[in-house]
Amino acid sequence: MNKKFYITTPLYYVNDILHIGHAYCTVAVDVLARFRRLKGEEVFFLTGTDEHGQKIEQAARLNGEEPQAWVDRIVEEDKKLWKRLNISYDDFIQTTQVRHKDTVQAVFTKLYEKGDIYKGKYEGWYCVPCETFCLEGQLVEGKCPECGRITEKVAEESYFFKLSEYQERLLDYFNKNPHFMMPPSRQAEMINFVKNGLKDLSVSRLGTKWGIPVPFDSKHTIYVWFDALINYITAVDYLKEGEKFKKFWPADIHLVGKEIFKFHVIIWPAMLMALDIEIPRKVFGHGWWTVEGEKMSKSKGNVVNPHQVVDEFGVDAFRYFLLREVPFGLDGDFSRDSFINRYNADLANDLGNLLNRTLVMLEKYFEGIVPFPGSKEKTDDDLISLIQKLPSNLDVSLETLEFHSAFSYIWEIVNFANKYIDKTAPWKLFKENKERLQTVIYNLIEALRIVSLAIAPFMPETSEKMEKQLGLSHQKSFESMTWGGIKSGNKIEVKDREPLFPRIIKPEK
Ligand code: MSP
């Protein structure tokens with residue numbers, strides 16, 4: 001049976017349209033999902049929207065719409081963006097769907113009956129933009145410790161989840177599963193947080209109407225985070241406890257931003273422990289993007305819409321930049337200058353030129369027919385040995401979500417191949433040593449075939465364009481990344497040969 005791989009993005013709030021920060025996480029998950037499919041694994045890639053809570057309700061009302069109508073409109077926008085970015089999700093969950101409401105209510109009831117949820121009174125503060133409860137001592141100058149905005153005072157009857165009871169079990173779990181929280185740099189803070197003592201968590205609101213009602217006490221709605229986290233089991237049919245759940249749960253990776261890491265590594269595992277369900281294998285907390293050195297915000301007017309980037313540079317340049325520019329896990333800065341620099345250097349120059357130069361030579365020296373390799377030299381072996389290491393290098397890099405190093409391995413080959421052309425000087429060989437020229441051109445075409453395959457998870461459109469230009473039929477499998485797959489004697493027709501990445505001329509400053 002094929003290995004399974006269940007991976008998720010966070011559910012995006014629908015208070016506004018998505019920006020590059022949201023696209024970041026989704027593109028990263030898409031790359032991992034495509035990579036695992038390439039390896040023949042059975043992948044379940046889940047994304048969706050977090051639609052309840054005060055924040056969404058307020059956004060809808062401010063725009064003069066009913067929450068549901070507002071939500072439906074934003075969801076359509078989100079889906080358009082995912083289509084544009086070639087996001088290959090298998091399921092799109094919305095927290096207002098019946099399947100989810102049923103699951104959340106069943107979980108709430110189960111935990112109430114078990115005694116893990118009880119009724120009490122919450123007195124403290126609530127941050128609507130973060131949808132979090134803040135205790136008096138946590139406020140910073142009276143404001144939310146996370147986002148620095150004004151919080152609301154709350155004193156109301158509430159249901160509580162006995163988070164405090166899970167302190168020891170969580171610590172024990174962290175201890176026994178050192179790869180659960182990634183990257184490792186995020187572990188110490190979480191461990192300390194738990195060690196400092198966990199408080200029971202308020203999991204219902206009285207004043208918020210836009211939410212899932214507590215099934216046995218409908219004047220309360222369920223706290224939006226308690227509701228949203230459950231999506232990860234709703235989508236694999238937890239309630240039915242059928243084949244899908246058995247096959248895919250536990251999730252292999254929850255990919256989330258650093259500010260919501262805590263919900264995923266502390267609250268969510270405690271909820272699962274209470275339900276007697278296995279804990280996800282890994283939660284990865286990625287970093288945040290600033291734009292031209294500043295935090296993105298509506299009030300600053302610097303929020304970057306991914307559609308605009310794609311309009312200008314194309315989808316794959318965007319996907320490339322997001323994952324190449326910054327080691328995953330660290331914060332990064334999105335600037336027009338660095339985008340154009342990378343685009344011109346790595347994509348237009350290195351990759352685009354390599355393909356173009358090689359195909360022009362094939363046409364000129366062999367009328368487009370892939371030659372049989374002739375005599376061999378050391379530099380050929382060096383190229384081949386780099387390529388032979390690629391599958392395992394990609395495996396290792398993507399296992400630890402080091403996208404930038406996966407790219408380095410691919411570009412090592414691209415750069416080597418460009419130098420190989422300069423070194424072997426095919427224009428001289430054409431006059432002096434035709435047999436040797438056959439080897440060189442064969443090797444270049446074969447290297448490009450493998451590069452086109454290796455970039456498929458990252459840049460699916462570019463991969464297809466390359467395949468077309470190389471006259472390859474759809475050949476996507478991890479195994480075909482082995483040397484020698486291209487057929488000598490085949491003619492590569494000149495068609496659709498526009499540059500992969502036309503160079504961008506930077507305006508003079
Ligand atoms: N709805 C919750 C998640 C619930 S998951 C059960 C939520 N939604 S969100 O829309 O506010 O954020 C979704 C993701 O976008 C988070 O992982 C967050 O880190 C990410 N980003 C939002 N702004 C970002 C940047 N500027 N940079 C990188 N990622 C950022 O939280």
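Refer to the structure above for everything that follows.
Heads up: these notes are all about the structure in this document.

What counts and how
Residues numbered from 1 in each chain as written. Predicted model: local features only at pLDDT ≥ 70, side-chain atom pairs only at ≥ 80, totals over all residues. Heavy atoms only, no water. Axes fitted to C-alpha atoms, helices over the stretch in contact; angles between N-to-C directions. Helix = DSSP H or I, 4+ residues; strand = E, 2+ residues; numbered from the N terminus. Parallel < 35°, antiparallel > 145°, perpendicular 65-115°, else oblique. Left-handed = near helix turned anticlockwise from the far one by under 90°. Contact = heavy atoms within 4.5 Å. Nonpolar A, V, L, I, M, F, W, Y, C, P; charged D, E, K, R; others polar. Near = heavy atom within 4 Å. Polar contact = N/O pair within 3.5 Å; in protein donor to acceptor, adjacent residues only side chain to side chain. Areas by Shrake-Rupley, 256 points an atom, 1.4 Å probe, with all protein chains shown as cover. Pairing = 2+ DSSP bridges. Phe/Tyr/Trp six-rings, centres within 6.5 Å; stacked < 30°, edge-to-face > 60°. Buried < 20%, exposed > 50% of the residue type's maximum accessible area, 1.4 Å probe, protein only. Lys NZ or Arg CZ within 6 Å of the ring centre and 35° of its normal. Arc of directions from axis to C-beta.

A look at the packing of helix H6 (residues 187-195) against helix H10 (residues 261-275)
And step 1. Look at H6 against H10: their axes get within 11 Å of each other, and the N-to-C directions meet at 45 degrees. One way to sum up the angle between H6 and H10 is to call them oblique. H10 is crossed by H6, and the crossing has right-handed handedness. Where H6 approaches H10, its residues Met-190, Phe-193 and Val-194 are matched on the opposing element by Phe-261, Lys-262, Val-265 and Ile-266.
And step 2. Broken down by class, the residue content of the contact of H6 with H10 amounts to six nonpolar, no polar and one charged.

Points about the site of the ligand
And step 1. Taken together, 22 residues are adjacent to the ligand, and Leu-11, Asp-50, Gly-257, Glu-259 and Trp-289 come closest.
And step 2. A distance of 3.4 Å separates a nitrogen atom of the ligand from a polar backbone atom of Gly-21.
And step 3. At 2.9 Å from a nitrogen atom of the ligand is found a main-chain nitrogen or oxygen belonging to Trp-289.
And step 4. Considered on its own, the ligand offers 670 Å² of accessible surface; in the complex 95% of this is hidden by protein.
And step 5. Listing elements by their share of the shell around the ligand, those giving two or more residues are strand E1 (4-13), helix H1 (20-38), helix H7 (224-229), helix H8 (231-234) and strand E12 (253-257).
And step 6. Broken down by element, the residue count for the shell around the ligand peaks at four residues, all from E1.
And step 7. By residue class, the composition of the shell around the ligand is 12 nonpolar, eight polar and two charged.

Examining the pairing of strand E6 (residues 152-161)
And step 1. Bridge analysis of strand E4 (residues 117-127) against E6 gives 10 bridges, and the strand direction is antiparallel. Across the sheet, the residue bridging to Tyr-126 is Glu-152, located in E6.
And step 2. Pairing geometry for E6 and strand E8 (residues 201-202), over two bridges, is antiparallel. What sits directly across from Phe-161, in E8, is Leu-201.

Remarks on the packing of aromatic side chains
And step 1. Tallied over the full model, the rule gives 46 aromatic pairs.
And step 2. Note on Tyr-122 and Phe-133: the rings are 4.7 Å apart at their centroids and 65 degrees apart in plane angle, and the pair reads as edge-to-face. Placement of the pair is Tyr-122 in strand E4 and Phe-133 in strand E5 (residues 132-134), with a sequence separation of 11 residues.
And step 3. For Phe-133, a relative accessible area of 14% gives the class buried.
And step 4. Taken together, the ring pairs in this structure connect Tyr-24, Phe-284, Trp-289, Phe-313, Phe-318, Phe-321, Phe-328, Phe-334, Phe-339, Tyr-343, Phe-403 and Phe-501 into an aromatic cluster.
And step 5. Stacked on the ring of Phe-478, the Lys or Arg Lys-39 has its end atom at 5.3 Å from the ring centre.
And step 6. Positioned above the aromatic ring of Phe-193, the side-chain terminus of Lys-262 is 3.9 Å from the ring centre.

Focus on helix H5 (residues 167-176)
And step 1. Taken together, the buried positions of H5 are occupied by Gln-167, Leu-170, Leu-171, Tyr-173 and Phe-174. Here the buried residues of H5 occupy an arc of 160 degrees about the axis, which is enough to place them on one side. Opposite the buried face of H5, at more than 90 degrees from it, the exposed residues are Glu-168, Asn-175 and Lys-176.

Remarks on the sheet that holds strand E10 (residues 213-214)
The strands making up a sheet associate through backbone hydrogen bonding, with each pair oriented either parallel or antiparallel.
And step 1. Within the open sheet, the three strands sit side by side as E9-E11-E10. Their pairing is antiparallel. The sheet terminates laterally at strand E9 (204-205) and E10, the two strands that pair on one side only.
And step 2. Bridge count between E9 and strand E11 (residues 217-222): two bridges; the pairing is antiparallel. Residue pairing across strands places Ser-204 opposite Ile-222, the latter belonging to E11.

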